[in-house]
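# An overview of the molecular structure
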Amino acid sequence: MRTQVAIIGAGPAGLLLGQLLTRAGIANLIVERSSAEHVLGRIRAGVLEQTTADLLDEAGVGARMHREGLVHEGYELAFGGMRHRIDLRQLTGGKHVVVYGQTELTRDLMDARRAAEAPTVYEADDVSLHDFDGARPRIRYASGGTTHELACDFIAGCDGYHGVSRASVPAAALTTYERVYPFGWLGLLSDTPPVAHELVYANHERGFALASMRSPTRSRYYLQCALDDHVDRWSDEAFWDELRRRLDPAAAEALVTGPSLEKSIAPLRSFVAEPMRFGRLFLAGDAAHIVPPTGAKGLNLAAADVRTLARALVEHYAERSEAGLAAYSDRCLRRVWKASRFSWWFTSLMHRFPDGGEIGHKLQQAELDYLAGSRAAQTVMAENYVGLPFEG
Ligand code: RFL
Ligand code: PHB
């Protein structure tokens, strides 16, 4: 068996890369460890930068996002019992974000892939990568009780933080940078109207809270929790009570509660692996980097990597040029580090740190107060939140 680009992982990075390559006439095969249902069952990102939305259009999968996605021109910061609006449109010269769930985006990409009859192997076991430091890379995987080998020109490692791609690179060839935060996020999804029209990020002495949404009738809320906490310890009632305490009084009053559809805890981490290319293996998305979700950047960075990789591969096949492939890692990492910095900063500003003490909380309050009164500070925040422009 042979293809041009073997893609490991059918998350948003792998599916979007596959779609862009298929449209450009470049043969690709995706191998995914889980089932399609499992991939769709993971409740994750909700906020798309305008550049990500534009890329979905370019990939021909933007129609439902335009119909059902919610355009947000601002969001609110809650602290000290009040809410302060960050006006994205005014502060960035007309930019916005789109609230559209990762589940929906993944479903659109899966549908497009099926319609294009591009091959995906779900429930692939024992995926392994070979000879990617030479001219003839191969991948091997087991499916339906048989071992398959696939020769290819390039391998795209889109298999997330725990995937096999990054782990296959010799340790000495990668430098990794990591910070694990001393708390997690407990998320709850419910078929209740969102508490506000826009997202509310709350800094409270009991911990961070986020009010987000998936649609006018479906809400997504998060609470900062301890690292060793467990979902079983949180009844729906306990979740709603704690959320009410952390939101401003007006939001707490307006909150509509209901049974949870899903509850899960995610740890928070900053992680970057450098470089993002090793021979003919290219890492993209969470396989190469993780950001804490506070800045809503993870999915957007995955899309930005894929944009750069797809352009480089198209250029390679059309013009026999190595320039884009050679520049891939540096180009991506410049954006990755800026998004990592923003995500770290926003996380540090909004969460209660166990060892931060009272002074930590006071300093956060001062910075939030400054932010609320300074257009310059708000502009910095807004231009990072909507997504920095692409360079080159
Ligand atoms: P994924 O989505 O993890 O997909 C990787 C795929 O690879 C498969 N895989 C393998 N396949 C074959 N062989 C192996 N050995 C394999 N090992 C793994 C996996 O099964 C999976 O299907 O990575 P990808 O595609 O890079 O996409 C990244 C995004 O999913 C992630 O960055 C975002 O979800 C992060 N994120 C957010 N990003 C945003 O831009 N905006 C947000 O609002 C936002 N909110 C969030 C988030 C992530 C969260 N959690 C749970 C970490 C909120 C949360 C709570
Ligand atoms: C979400 O809706 O899941 C979401 C929104 C904004 C974030 C993180 C997660 O910063």
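Structure: see above.
To start, this report covers the structure provided alongside it.

## Focus: the pairing of strand β6 (residues 82–87)
- The pairing of strand β5 (residues 74–79) with β6 spans six bridges and is antiparallel. Counterpart to Tyr 75 in the pairing with β6 is Ile 86.
- Taking the residues that link successive antiparallel strands as the turn, the β5-β6 hairpin has two residues, and the phi of Gly 80 there is positive, at about 60°.

## So, the sheet that holds strand β2 (residues 28–31)
- Taking strand neighbours across the sheet as the criterion, the six strands line up as β8-β2-β1-β12-β19-β18 in an open arrangement whose pairing is mixed. Taken across any chain shown, the strands that pair with only one partner, and hence form the sheet edges, are β8 (120–121) and β18 (277–278).
- Summarising the sheet, strand β1 (residues 5–8) and strand β12 (residues 154–157) pair through four bridges and their orientation is parallel. Residue pairing in the sheet places Ile 8 in a bridge with Gly 157 of β12.

## A closer look at the site of ligand 2
- Lining the immediate environment of ligand 2, one finds 14 residues, of which Tyr 201, Ser 212, Arg 214, Tyr 222 and Pro 293 sit closest.
- At 2.8 Å, a side-chain N or O of Arg 214 approaches an oxygen atom of ligand 2.
- Considered on its own, ligand 2 offers 280 Å² of accessible surface; in the complex 97% of this is hidden by protein.
- When residues in the shell around ligand 2 are grouped by element, the largest group, three residues, is from strand β15 (residues 209–215).
- Taken together, the residues that form the shell around ligand 2 break down as eight nonpolar, three polar and three charged.

## Points about unusual backbone geometry
- The linkage connecting Glu 274 with the following residue, Pro 275, adopts the cis geometry, with an omega of -10°.
- Mapping Pro 275 onto the fold places it in the loop between β17 (260–274) and β18.
- For Glu 123, which is not glycine, the phi torsion reads 55° and is therefore positive.
- Residue placement: Glu 123 occurs in the loop between β8 and β9 (125–130).

## Side note on the site of ligand 1
- The environment of ligand 1 is formed by 32 residues, the closest being Glu 32, Arg 42, Gln 102, Asp 286 and Leu 299.
- Taking Arg 33, its main chain carries an N or O atom lying 3.1 Å from a nitrogen atom of ligand 1.
- The contact in question runs from an oxygen atom of ligand 1 to an N or O atom on the backbone of Gly 298, over 3.2 Å.
- Here ligand 1 has 1000 Å² of accessible area as a free molecule, and 89% of this is covered by the chains.
- Listed by contribution, the elements that provide at least two residues to the shell around ligand 1 are α1 (12–23) and α10 (298–319).
- Sort the elements by how many residues they give to the shell around ligand 1 and α10 lands first, with three residues.
- Partitioned by chemical class, the residues of the shell around ligand 1 number 15 nonpolar, 10 polar and seven charged.

## Description of the pairing of strand β10 (residues 138–143)
- Here β9 runs beside β10; their pairing, made up of four bridges, is antiparallel. Its bridge partner being in β10, His 130 is matched across the sheet by Arg 138.
- By the bridge criterion, six bridges tie β10 to strand β11 (residues 146–151) in an arrangement that is antiparallel. Bridging from a neighbouring strand, Ile 139 pairs with Leu 150 of β11.
- Where β10 hands over to β11, the hairpin turn is made up of two residues, of which Gly 144 adopts a positive phi near 55°.

## Section: the packing of α10 against helix α11 (residues 323–350)
- Two numbers describe how α10 lies on α11: the axes approach to 9 Å, and their chain directions differ by 170°. Between α10 and α11, the angle falls in the class roughly antiparallel. The residues of α11 that touch α10, namely those facing Leu 301, Ala 304, Asp 305, Thr 308, Leu 309, Ala 312, Leu 313, Glu 315 and His 316, are Ala 323, Gly 324, Leu 325, Tyr 328, Arg 331, Cys 332, Arg 335, Val 336 and Ala 339.
- Taken together, the residues of the contact of α10 with α11 break down into 11 nonpolar, three polar and four charged.

## Considering the nonpolar core
- The biggest cluster of nonpolar side chains holds 70 residues, and the ones touching the most others in it are Leu 16, Leu 17, Val 31 and Ile 139.
- Take this core: its biggest share by element is 10 residues, from α10.
- Sequence-distant contacts of Leu 17, defined by excluding residues within four places in its chain, comprise Ile 7, Ala 156, Cys 158, Val 306, Leu 309 and Ala 310.
- In terms of nonpolar packing, the next biggest core, distinct from the first, is built from 33 residues, Val 47, Leu 91, Leu 349 and Met 350 among them.

## Quick notes on the pattern of salt bridges
- Per the counting criterion, the structure on display carries 27 salt bridges.
- Linking Glu 76 and Arg 83 is a salt bridge whose minimum nitrogen-to-oxygen distance equals 3.0 Å.
- For Glu 76, a relative accessible area of 14% corresponds to the buried category.
- Of the charged contacts, one joins Arg 114 and Asp 111 as a salt bridge, the two residues approaching to 3.3 Å between their closest N and O atoms. With Arg 114 and Asp 111 both in helix α6 (residues 102–115) and three residues apart, this pair spans about one turn of that helix.

## Thoughts on the side chain of Arg 113
- One can find Arg 113 in helix α6.
- Within the buried set, Arg 113 has no salt-bridge partner at all; the shortest N-O distance to an opposite charge, 10 Å, is to Glu 32.
- In terms of polar contacts, Arg 113 uses its side chain to reach the side chain of Thr 120, at 2.8 Å.
- Beyond its immediate stretch of four places on either side in the chain, Arg 113 contacts Leu 15, Gly 18, Gln 19, Thr 22, Asn 28, Leu 29, Ile 30, Ala 118, Pro 119 and Thr 120.

Cut-offs and rules
The written sequence of each chain sets the order in which its residues are numbered from 1. Whichever chain is written first becomes A and whichever ligand is written first becomes 1, with later ones labelled in order. Only residues with pLDDT of at least 70 get local features here, since the model is predicted, and only at 80 or more are side-chain atom pairs given and counted; chain-wide, interface and lining totals rely on the full set of residues. Think of the side-chain values as coming from all heavy atoms in the structure, minus any hydrogens and water. Pairing between strands is defined by DSSP: at least two bridges between the two strands are required. Strands here mean DSSP runs of E at least two residues long; helices mean DSSP runs of H or I at least four residues long; both are numbered from the N terminus. In these notes, residues near a molecule or strand are those with any non-hydrogen atom within 4 Å of it. Counted as a polar contact is a pair of N or O atoms within 3.5 Å, where, for protein atoms, one must be capable of donating a hydrogen and the other of accepting one, and residues adjacent in sequence contribute only when both atoms are in side chains. Surface exposure here means Shrake-Rupley accessible area, sampled with a 1.4 Å probe, where a residue is shielded only by the protein chains that are shown. Classes in brief: Ala, Val, Leu, Ile, Met, Phe, Trp, Tyr, Cys and Pro nonpolar; Asp, Glu, Lys and Arg charged; the others, Gly included, polar. Interaxial angles span 0 to 180 degrees and are taken between N-to-C directions of axes, which are lines fitted to C-alpha atoms, for helices over the stretch in contact. Under this scheme an angle from 65 to 115 degrees is roughly perpendicular, one under 35 degrees roughly parallel, and one over 145 degrees roughly antiparallel; angles in between are oblique. The contact rule is simple, with two residues in contact once any of their heavy atoms fall within 4.5 Å. Think of a nonpolar core as a cluster: buried Ala, Val, Leu, Ile, Met, Phe, Trp, Tyr and Cys residues, connected wherever their side-chain atoms sit within 4.5 Å. Only protein chains enter the area calculation, which uses a 1.4 Å probe; residues under 20% of their type maximum are buried, those over 50% are exposed, and those in between are partly exposed. The salt bridge definition used is simple: a Lys or Arg side-chain nitrogen within 4 Å of an Asp or Glu carboxyl oxygen. When charges are tallied, Lys and Arg are placed among the positive residues and Asp and Glu among the negative ones, while His and the ends of the chain are skipped.

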